[in-house]
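This is what each chain is made of:
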Amino acid sequence: MIAAGSRWDWWERALLCCVLLSAWEAAWGQLRYSVPEEMPKGSFVGDVVKDLALQLPTIRDSGIRVVSKGRTQYFSLLIKTGHLVTAERIDREQLCRLVEKCVLRCELIVEGEMQVYGIEVEITDVNDNSPSFKDVEMEERISEMSAPGSRFPLAEAQDPDVGRNSLLSYELSGDDHFSLAVQAGPGGDQRPELVLAKALDREEAAFHELVLRARDGGELSRTGTVRIRVAVLDANDNAPVFSQAEYAVRVPEDVLVGSTLITVTAADADEGMNGRVKYFLKKATDLASEIFHLDSETGSITLMQSLDFEETMYQELEVQARDGGDLSDTAKVTITVTDVNDNAPEISVPSSLSEISEDAPSGTVVALLQVQDRDSGENGEVRCSIDESLPFRLERSFEDYYRVVTSRELDREEVSEYNVTVRAWDGGSPPLRSSAVLSLRVLDVNDNAPVFAEARYSARVAENNAAGALVLTVRAWDADWGQNARVRYRLSEGRVRGAPLSSYVSVQAETGALYALRSFDYEEVREVGLWVRAEDGGSPALSSNVSVRLVIVDENDNAPQVLYPPPAAAAGAGAVWSGVELAPRSAEPGALVAKVVAVDADAGQNAWLSYELAKATEPGLFRVGLHSGEVRTARFPLARDGARQSLVVVVKDHGRPALSATATLTVVLAESVGELLWELGSAAAAPGEPAGSLTRWLVVAVAAVSCLFLAFLLLLLALRLRRWRRSQLLPPGSGALRGVPASHFVGIDGVRAFLHSYSHEVSLTADSRKSQLRFSGGSCCDTLPARPPPDEPAPLLGEDPACGRPADPAAAPQAQPNTDWRFSQTQRPGTSGSQNGEEGGAWPNNQFDTEMLQAMILASANEAADGNSTLGGGTGTMGLSARYGPQFTLQHVPDYRQNVYIPGSTATLTNAAGKRDAKSAGSSGGNKKKSGKKEKK
């Protein structure tokens, strides 16, 4: 019982060792299977996926295949099941001739993992071959003098099977004179011998017929037979004898064809025909019979085909020497083939990548190599290398397999494709070399942002360009490849003068061409700054920006605009302007009559203006300043000169071509309001209009002025009454309204004084339908009447405290008006801006009052140019500023609505909104600051 338990423990240990051995082999990637020979194609060998613990879905995606060593593929892998099957019928005797254990090796390559697993498949023998003799019939010659018990070697039967399926026994039948004896050879083979059982007698029987049968040991035994014919010969005393029982020779595999490898010799003591020896191959394989040749006369063995150590390492021959009396002897010849370094290493690439991403980590496997050398020993030892300058290295994987892996990160922008040369050499002397080239393309990764050709772009664009015109083209390059290098352009968000930037310019997404979507106007936009973004097609996309500056170049597209004199009411929209000016006949040469004020919206040379007198009623009476536009008298007016002078002034800029505008001035040579009104009335009357119509309009105008005057008197009376009533309630020192001298109402100067005293400031709106009448407490002492006043009547409303003196008729007479009406360089008339708004007040609404008041305002404006005037363009007057020089442009004066000064007083006709604009404009603009400095000087 104890012995039985011990045996059971021994079997458990043996089984455990087998299991552990199998697990160790599987862990190290080595599988062993066995399969019988002659199995049909597709026969199951083993479940390699299960045995190697691989995931079938994973290997399906990554790729897996079986590679057999040698030129013939004996096995294949079923991808669906992971089973290893036979690729064709396998014949063990053909593959493993003279080899006891037949093993086929193959490798399982998982391409996705670049992993190799070794597989060994043993081909087991099947009794599919019967024993066979070289000849179907053989003849043996035996002398009748041979003694019983003599032995005569017979030809051996050949059975390609191995093990128990090989030759097992011989049987002899046919005659009782002979028996069979079987001897064991040095290699364990069985050698049959014919043994003479009884003495022979040629006279009794000259021939004996025998049958030799060979039998193998398979389950279904197979046999082979040969017929033996024994001829009884007369007496032959001596048989041939070889000098050696066994001959051995070593020859290199590169020995030349036709060379003599070895010579066997046998001697026979007989003489004559019985002593003549001939040599025959008694036993040799089919391959040996093809490779070697035995000379029957000399016994030399020569080479008929080239040897290959890798195919045939050694050959055995059995040579028979036979004399003329048919006596023979046998000898064994062993020919060993030695290896020569005649095979260069062979490099095969079972699996490789054709492309790799540039961001692949270091150590990524790119190829699996197999390096073999069919030589043996040192001649078969192979070494491999890769150029050290390349970012790759070799790692040994399994037996003669190597892996090519990356040694550092790749950069496609530096090298986009690699040709990796793997070199192999063996250990022979001299060594043989071979090489293989791996082509590897580096795939791009979006790791480079677009780069513009320039750090910034700028372009000059002429104004009034055509919509859709090409402005410039930006260029950006991306060092990446393919979709990652495809650059698209777009504008960054922005606004120009409150409008979206996209309404001004656009960029073509593919080419980077920048187009103007609208016609630029230098007077509106002088410079456009924008950002263009270049974005590649990667994921995620990379981008970069560049600034673009568009400078609008001015063109002479704006004609000069005349601000003063204002446009004629009857003139349509055009470049024709008109105005009425008053000039005393007593004016001296050089006296300022009027000033033509014009601006040009252009800039630079296009805005430089020049003035010239194009047409005049009396050409020599007036002259115009070339750069100032001032109209002055060239000589003393003569009696023969007409009272109404028409002047046409042409204003030109310096553009190419030059643009111009004309201003029409009507200068009335008059000393009184009556003359002025008469001239204006005669000018207003059409040549064919009836006199009654003119008279009717004059009456209406006078009536309107009278009504306005009466309204003013009533208003003044009401104010005086109100002030008198308040003076009764307030202390005496509180100040009250004083009377206005009657001389202030005499003549045209009286009208001016009246406007100064009671209409100090009149503000007109843009549409001239609303006005604002402001009374100020300004002094009336600066009023200069045109002629000496008559005797002062009694004060109308009492004294005026603002004058600083009583309204005394005996007061000092006022000075004659200054005839040299001129503007100083710092006091040129102009506008102060405008702003529309609701304004109070009233304005005459009949033609006569309007024309009369216009004449008085225009005449008063001329007097504002006098440098000694109290108006003087000082602070708070908001009058014609001295900043409007000859190069005055529209940017300094927003529009033509302007303040008008009344010479000789502090009264100002102004636009109330314009004061507000002037304040804001005064804080910006270089030209206005400069003019302010001049005024301070």
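What counts and what doesn't
- Residues numbered from 1 in each chain as written.
- Predicted model: local features only at pLDDT ≥ 70, side-chain atom pairs only at ≥ 80, totals over all residues.
- Heavy atoms only, no water.
- Helix = DSSP H or I, 4+ residues; strand = E, 2+ residues; numbered from the N terminus.
- Buried < 20%, exposed > 50% of the residue type's maximum accessible area, 1.4 Å probe, protein only.
- Contact = heavy atoms within 4.5 Å.
- Areas by Shrake-Rupley, 256 points an atom, 1.4 Å probe, with all protein chains shown as cover.
- Pairing = 2+ DSSP bridges.
- Axes fitted to C-alpha atoms, helices over the stretch in contact; angles between N-to-C directions.
- Salt bridge = Lys/Arg side-chain N within 4 Å of Asp/Glu carboxyl O.
- Disulfide = S-S within 2.5 Å.
- Core = buried A, V, L, I, M, F, W, Y, C linked by side-chain atoms within 4.5 Å.
- Polar contact = N/O pair within 3.5 Å; in protein donor to acceptor, adjacent residues only side chain to side chain.
- Phe/Tyr/Trp six-rings, centres within 6.5 Å; stacked < 30°, edge-to-face > 60°.
- pLDDT = per-residue confidence, 0-100.
- Lys, Arg positive; Asp, Glu negative; His and termini not counted.

Considerations on the overall build of the protein
Next up, step 1: When its secondary structure is counted, the protein shows 11 helices and 55 strands.
Next up, step 2: Each of the 937 residues in the protein was classed as buried or not, and the buried ones make up 44%.
Next up, step 3: Of the contacts formed within the protein by residues at least 6 apart in sequence, a portion of 70% connects residues at least 24 apart.
Next up, step 4: Element-wise, carbon and sulfur atoms account for 53% of the exposed surface of the protein, whose accessible area totals about 48,200 Å².

Remarks on the sheet that holds strand 36 (residues 488-491)
Next up, step 1: Ordered in space as 33-42-41-36, the four strands form an open sheet in which the pairing is mixed. Either end of the sheet is taken by a strand with one partner, and the two such strands are strand 33 (456-462) and strand 36. The sheet shows a mean angle of 30° between the axes of neighbouring strands, direction not considered.
Next up, step 2: Pairing of strand 36 with strand 41 (residues 527-535) involves four bridges; the strand directions are antiparallel. Pairing of Tyr 489 across the sheet is with Ala 534, part of strand 41.

Points about the pattern of salt bridges
Next up, step 1: Considering all chains together, one arrives at 23 salt bridges under this definition.
Next up, step 2: Glu 510 is the partner of Arg 486 in a salt bridge, and the nearest nitrogen-oxygen pair spans 3.4 Å. You can see Arg 486 sitting in the loop between strand 35 (476-477) and strand 36 and its partner Glu 510 sitting in the loop between strand 39 (505-507) and strand 40 (513-516), a full 24 residues away along the chain.

Some words on the sheet that holds strand 34 (residues 470-473)
Next up, step 1: With antiparallel pairing, three strands are arranged side by side in an open sheet as 34-40-39. For this open sheet the edge positions go to strand 34 and strand 39, each flanked by a neighbour on one side alone. Recorded for the sheet is a direction-independent mean angle of 20° between the axes of neighbouring strands.
Next up, step 2: With three bridges connecting them, strand 39 and strand 40 associate as antiparallel partners. For Val 507, the partnering residue across the bridge sits in strand 40 and is Leu 514.

Considering the environment of Tyr 457
Next up, step 1: As for its placement among the helices and strands, Tyr 457 is situated in strand 33.
Next up, step 2: Apart from the residues within four sequence positions on either side, Tyr 457 is in contact with Phe 452, Leu 472, Thr 473, Val 474, Arg 475, Val 546, Ser 547, Val 548 and Arg 549.

Re the state of the cysteines
Next up, step 1: Tallied over the entire structure, the rule returns one disulfide.
Next up, step 2: Disulfide pairing is shown between Cys 96 and Cys 102; the S-S distance is 1.8 Å. Residues Cys 96 and Cys 102 are joined by a disulfide whose S-S torsion is about 50°; by sign, that bridge is right-handed.
Next up, step 3: A residue is classified by how much of its surface remains accessible, and Cys 96, at 10% relative accessible area, is buried.

A look at the environment of Met 39
Next up, step 1: Following the sequence through the fold, Met 39 ends up in the loop between strand 1 (30-36) and strand 2 (44-47).
Next up, step 2: Sequence separation between Met 39 and Glu 88 is 49 residues, and the spatial gap between their C-alpha atoms is 8.2 Å.
Next up, step 3: The residues touching Met 39, leaving out its near neighbours within four places in the chain, are Glu 88, Arg 89 and Ile 90.

Observations concerning unusual backbone geometry
Comment: phi is negative for the bulk of residues other than glycine, and the bulk of peptide bonds are trans.
Next up, step 1: Backbone torsion omega between Ser 539 and Pro 540 reads 0°, so that peptide bond is classified as cis.
Next up, step 2: Here Pro 540 is to be found in the loop between strand 41 and strand 42 (543-553).
Next up, step 3: Tyr 564 connects to Pro 565 through a cis peptide bond whose omega is 5°.
Next up, step 4: We note that Ala 53 has phi near 60°; this positive angle belongs to a residue other than glycine.
Next up, step 5: Tracing the backbone through its elements, the reader meets Ala 53 in the loop between helix 2 (48-51) and helix 3 (56-62).
Next up, step 6: Residue classification places Ala 53 among the exposed positions, given a relative accessible area of 62%.

Topic: the nonpolar core
Next up, step 1: Grouped together as the largest cluster of nonpolar side chains are 30 residues, with contacts concentrated most on Leu 472, Tyr 489, Leu 514, Leu 530, Val 532, Val 548 and Leu 550.
Next up, step 2: The residues contacting Leu 472, other than those within four sequence positions of it, are Tyr 457, Ala 459, Gly 512, Ala 513, Leu 514, Val 548 and Leu 550.

Here's the deal with the side chain of Arg 632
Next up, step 1: With respect to the helices and strands, Arg 632 occurs in strand 49 (residues 630-633).
Next up, step 2: Side-chain polar atoms of Arg 632 contact the side chain of Glu 630, separated by 2.8 Å.

Examining the pairing of strand 27 (residues 382-386)
Next up, step 1: Burial of strand 27 is one-sided: the residues Val 382, Cys 384 and Ile 386 facing one way are buried, the residues Arg 383 and Ser 385 facing the other way are not.
Next up, step 2: By the bridge criterion, five bridges tie strand 27 to strand 30 (residues 417-426) in an arrangement that is antiparallel. Each residue of the ladder has a partner; that of Ser 385, found in strand 30, is Arg 423.

Topic: the environment of Ser 458
Next up, step 1: As for its position among the elements, Ser 458 is in strand 33.
Next up, step 2: When its relative accessible area of 56% is taken as the criterion, Ser 458 is described as exposed.
Next up, step 3: With 92 residues separating them along the chain, Ser 458 and Leu 550 place their C-alpha atoms 5.7 Å apart.

What to know about the packing of aromatic side chains
Next up, step 1: Per the counting criterion, the structure on display carries six aromatic pairs.
Next up, step 2: Taking the centre distance of 6.1 Å and the plane angle of 45° together, the rings of Phe 242 and Tyr 279 count as tilted. Highlighted residues: Phe 242 in strand 15 (residues 241-242) and Tyr 279 in strand 19 (residues 278-283), separated in sequence by 37 residues.
Next up, step 3: Phe 242 sits in the buried class, given a relative accessible area of 7%.
Next up, step 4: Since its relative accessible area comes to 6%, Tyr 279 is described here as buried.

Side note on the confidence of the model for the protein
Next up, step 1: Put simply, the protein has an average pLDDT of 75, and 70% of its residues get 70 or more.
Next up, step 2: This stretch, residues 733-847, has a pLDDT under 50; its non-local contacts, to residues over four places away or in other chains, come to 291 contacts.

Some thoughts on the side chain of Asp 554
Next up, step 1: With respect to the element layout, Asp 554 can be found in the loop between strand 42 and strand 43 (561-564).
Next up, step 2: Within the buried core, Asp 554 has no salt-bridge partner, and the shortest N-O distance to an opposite charge, that of Arg 526, equals 7.2 Å.
Next up, step 3: Of the polar contacts made by the side chain of Asp 554, one reaches the backbone nitrogen of Ala 603; its length is 3.0 Å.
Next up, step 4: There is a polar contact of 3.0 Å between the side chain of Asp 554 and the side chain of Asn 606.
Next up, step 5: Asp 554 has contacts with Glu 463, Tyr 522, Glu 523, Asp 602, Ala 603 and Asn 606, leaving out every residue within four places of it along the chain.

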